[in-house]
Amino acid sequence: MSTVAIDEARENRILMEVVVDAYDEEERAMGWYYYLQDKLRFPFQARCIAERRVSPLSVGDKVKVVGMAPTEECLHEVFVEIQRARKKLAVPLAQLEAIGADHHTQEGMDDWHYWVNMGYQY
């Protein structure tokens, strides 16, 4: 059970803009993918807030987020591409917090973090 307080405005936005008309896991995944693709303003700076086995990032690492990972990488959770040592690498969006992002990017990031922290799944 989540310890995050329910945010009615955010719940409504997610229901009406992200997962509206989504009837299965893949449709919810694609709803999130296209919502975040439209919402996040690339590139933006981010900081790693949690270590993950699927990612080389450590807590506190700063990265440049350059785009969404390919859709096939986002069927179970959202991944974004970062620029690292002249290569693009996909990392979980939930692992990052935006630094100095505009309102749209911050709202999209906050919506995804809320979804994850509530324990919701596709």
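Our subject is the structure listed above.
Residues numbered from 1 in each chain as written. Predicted model: local features only at pLDDT ≥ 70, side-chain atom pairs only at ≥ 80, totals over all residues. Heavy atoms only, no water.

Caption draft 1: Spotlight on the pattern of salt bridges. According to the stated counting rule, one finds 7 salt bridges in the structure shown. The shortest N-O distance in the salt bridge between arginine 10 and aspartate 7 comes to 3.6 Å. A residue is classified by how much of its surface remains accessible, and arginine 10, at 16% relative accessible area, is buried. Here arginine 10 and aspartate 111 are joined by a salt bridge, their closest N and O atoms 2.3 Å apart. Remark: aspartate 111 occurs in helix 3 (residues 103–117) and arginine 10 occurs in helix 1 (residues 8–18); sequence separation between them is 101 residues. Note on aspartate 111: relative accessible area 0%, which makes it buried. Within the structure, one salt-bridge network assembled from shared partners comprises Asp7, Arg10, Arg13, Lys39, Glu107 and Asp111. (Salt bridge = Lys/Arg side-chain N within 4 Å of Asp/Glu carboxyl O. Buried < 20%, exposed > 50% of the residue type's maximum accessible area, 1.4 Å probe, protein only. Helix = DSSP H or I, 4+ residues; strand = E, 2+ residues; numbered from the N terminus.)

Caption draft 2: Layout of the packing of helix 2 (residues 25–39) against helix 3. In the contact formed by helix 2 and helix 3, the axes pass within 8 Å of each other and the chain directions differ by 155°. Classed by the angle they form, the pair helix 2 and helix 3 counts as roughly antiparallel. Contact residues: helix 2 offers Trp32, Tyr35, Leu36 and Lys39, while helix 3 offers His104, Thr105, Glu107, Gly108, Asp111, Trp112 and Trp115. When the residues that make up the contact of helix 2 with helix 3 are grouped by side-chain class, the tally is 5 nonpolar, 3 polar and 3 charged. (Axes fitted to C-alpha atoms, helices over the stretch in contact; angles between N-to-C directions. Parallel < 35°, antiparallel > 145°, perpendicular 65-115°, else oblique. Contact = heavy atoms within 4.5 Å. Nonpolar A, V, L, I, M, F, W, Y, C, P; charged D, E, K, R; others polar.)

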